[in-house]
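Fold and contact review
Here is what each chain is made of, one letter per residue.
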Amino acid sequence: MKIKKSTLHVRVADALREMIMTGELREGDKVNETELCAAMEISKTPLREALRVLCVEGLISLIPNRGAFVTKPTIDEITEMFDVMAVLEGMCAKKAAEKMTEADFLRIEFFHEALEKAYGARDQKTYIRVNNQYHSFVQELAENRTINAIIEGLRKKILLHRFQSLNLAGRFDESISEHRELLEAFRRRDAKKAEEIMKIHLQHQSAALKTLAKSAAGRSKGGL
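In what follows, the accompanying structure is described. All chains use their own residue numbering, which begins from 1 and follows the written sequence. The predicted nature of this model means local features are confined to residues of pLDDT at least 70 and side-chain atom pairs, given and counted, to a pLDDT of 80 or more, with totals for whole chains, interfaces and linings taken over all residues. For side-chain calculations, the full set of non-hydrogen atoms in the structure is used, while hydrogens and water are omitted.

1. Side note on the overall build of the chain
Where we set the bar: Every helix listed is a DSSP run of H or I at least four residues long, and every strand listed is a run of E at least two residues long, numbered separately from the N terminus. Atoms counted for the radius of gyration: C-alpha only. Globule rule: 2.2 Å times the number of residues to the power 0.38. For every residue, the accessible area obtained with a 1.4 Å probe (protein chains only) is divided by the maximum for its type, and the residue is called buried under 20%, exposed over 50%, and partly exposed between those limits.
Assigned secondary structure in the chain consists of nine helices and two strands. Relative to the 2.2 N^0.38 estimate, which gives 17 Å for 224 residues, the radius of gyration of the chain is 19 Å and therefore close to what a compact globule would have. Counting only C-alpha atoms, the chain reaches 55 × 50 × 35 Å along its principal axes. Split into buried and exposed, the 224 residues of the chain put 43% on the buried side.

2. As for helix α6 (residues 124–142)
Note the cut-off: To estimate how far a helix should reach, multiply one less than its number of residues by 1.5 Å. Nitrogen and oxygen atoms within 3.5 Å of one another constitute a polar contact, given that in protein one can donate a hydrogen and the other can accept it, and given that sequence-neighbouring residues count only through two side-chain atoms.
Its 19 residues place the ends of α6 27 Å apart at the C-alpha level, agreeing with the 27 Å of an ideal helix rising 1.5 Å per residue. Along α6, the residues that are buried comprise Tyr127, Ile128, Val130, Asn131, Asn132, Tyr134, His135, Phe137, Val138, Gln139, Leu141 and Ala142. Structurally, the start of α6 carries an N-cap: the backbone nitrogen of Lys125 is 3.4 Å from a side-chain oxygen of Asp123. Just past α6, the residue Glu143 takes up positive phi, approximately 55°.

3. What about the nonpolar core?
For clarity, the cut-off: By nonpolar core is meant a set of buried Ala, Val, Leu, Ile, Met, Phe, Trp, Tyr and Cys residues that side-chain atoms within 4.5 Å join together. Residues count as neighbours in contact if any of their non-hydrogen atoms are within 4.5 Å of one another.
Core analysis: the largest hydrophobic core is formed by 66 residues, its most contacted members being Leu16, Tyr127, Val138 and Phe186. Examining the composition of this core, we find that ten residues originate from one element, helix α4 (residues 75–99), more than from any other. Sequence-distant contacts of Leu16, that is, excluding residues within four places in its chain, are made with Leu25, Leu36, Met40, Leu47, Ala50, Leu51 and Leu54.

4. Some words on the state of the cysteines
Heads up, the condition is: Only a pair of cysteine sulfur atoms within 2.5 Å counts as a disulfide in this structure description.
Within this structure, the stated rule accounts for zero disulfides. Free of any disulfide, Cys37 has its nearest neighbouring cysteine sulfur in Cys55, separated by 17 Å. A relative accessible area of 9% means that Cys37 is categorised as buried.

5. Regarding the side chain of Asn131
Mapped onto the elements, Asn131 comes out in helix α6. Residue Asn131 is classed as buried on the basis of its relative accessible area, which comes to 2%. Excluding residues within four positions of it along the chain, Asn131 makes contact with Leu115, Arg162, His179 and His201.

6. Details of the packing of helix α2 (residues 33–40) against helix α3 (residues 44–57)
Note the cut-off: Helix axes use the C-alpha atoms of the stretch in contact, all axes being lines fitted to C-alpha atoms, and the angles between their N-to-C directions lie in the range 0 to 180 degrees. In this scheme, roughly parallel covers angles under 35 degrees and roughly antiparallel covers those over 145, while 65 to 115 is roughly perpendicular and the rest are oblique. Whether a crossing is left-handed or right-handed is set by the direction in which the near helix is turned from the far one by less than a right angle, anticlockwise for left-handed and clockwise for right-handed. All amino acids are sorted into three groups, where Ala, Val, Leu, Ile, Met, Phe, Trp, Tyr, Cys and Pro are nonpolar, Asp, Glu, Lys and Arg are charged, and the leftover types, Gly among them, are polar.
Running from N to C, α2 and α3 point in directions that differ by 115°, and their axes come no closer than 10 Å. By the criterion of interaxial angle, the relationship of α2 to α3 is roughly perpendicular. Of the two elements, α2 crosses α3, and the hand of that crossing is right-handed. Of α3, the residues touching α2 (which contributes Glu33, Thr34, Leu36 and Cys37) are Lys44, Leu47, Arg48 and Leu51. For the contact of α2 with α3, the residue count by class is four nonpolar, one polar and three charged.

7. Overview of the pairing of strand β1 (residues 60–63)
Let me state the cut-off plainly: Strands are labelled as partners when DSSP assigns at least two bridges between them.
As defined by bridge partners, β1 adjoins strand β2 (residues 67–70) across four bridges and the pair is classed as antiparallel. When the bridges of β2 are listed, Ser61 appears paired with Phe69. The antiparallel hairpin formed by β1 and β2 contains three residues in its connecting segment, where Asn65 sits at a positive phi of about 65°.

Okay, structure coming up:
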């Protein structure tokens with residue numbers, strides 16, 4: 001895939017995030033700079049700038065004399081991120097429901113319809129991309145600068161794990177069901193219910209990741 005030169009390192013960083021999200025670059029993998037530069041048709045300078053950006057975000061570890069590696073957080077660290085996001089996104093959903101205009105709700109409906117379409121096609125990649133836009137819009141409606149500042153640092157990290165959580169059998173179905181409930185809460189402007197459902201939504205994602213991690217660990221031990 002050829003990357004355009006405008007804001008090159010930013011675009012490269014976006015491409016790397018997506019590769020990590022979809023599993024093309026896996027946790028613990030060493031980043032092969034030569035192969036990536038050839039695939040993207042870029043020099044090593046913008047790639048290394050992008051890697052430094054992702055290092056600041058906590059997605060990449062830069063180890064002197066060894067290179068760049070995809071960060072491998074522990075399940076406890078992932079759980080902590082989701083615990084914090086559940087509280088913060090729950091607060092955003094509550095505030096959004098309280099402040100939501102009819103035009104805002106129509107925008108929410110637009111995102112929900114896109115989620116339904118991606119779900120029907122079993123298109124996890126599009127589902128997560130739209131889901132991120134949905135959650136960002138709810139955050140925007142909350143109009144809380146303090147929450148925004150805190151969430152911004154976690155959103156890109158948690159996006160990667162949201163994608164992975166859909167790999168658990170039944171989680172994709174559960175996720176769209178939760179979004180349907182959330183849509184109804186927003187339709188009724190039920191702030192308390194919106195907060196509750198949003199928290200549950202994040203907690204279920206975290207639980208799915210724990211189950212997947214335990215399953216992977218069990219397979220690893222079984223192969224020894």
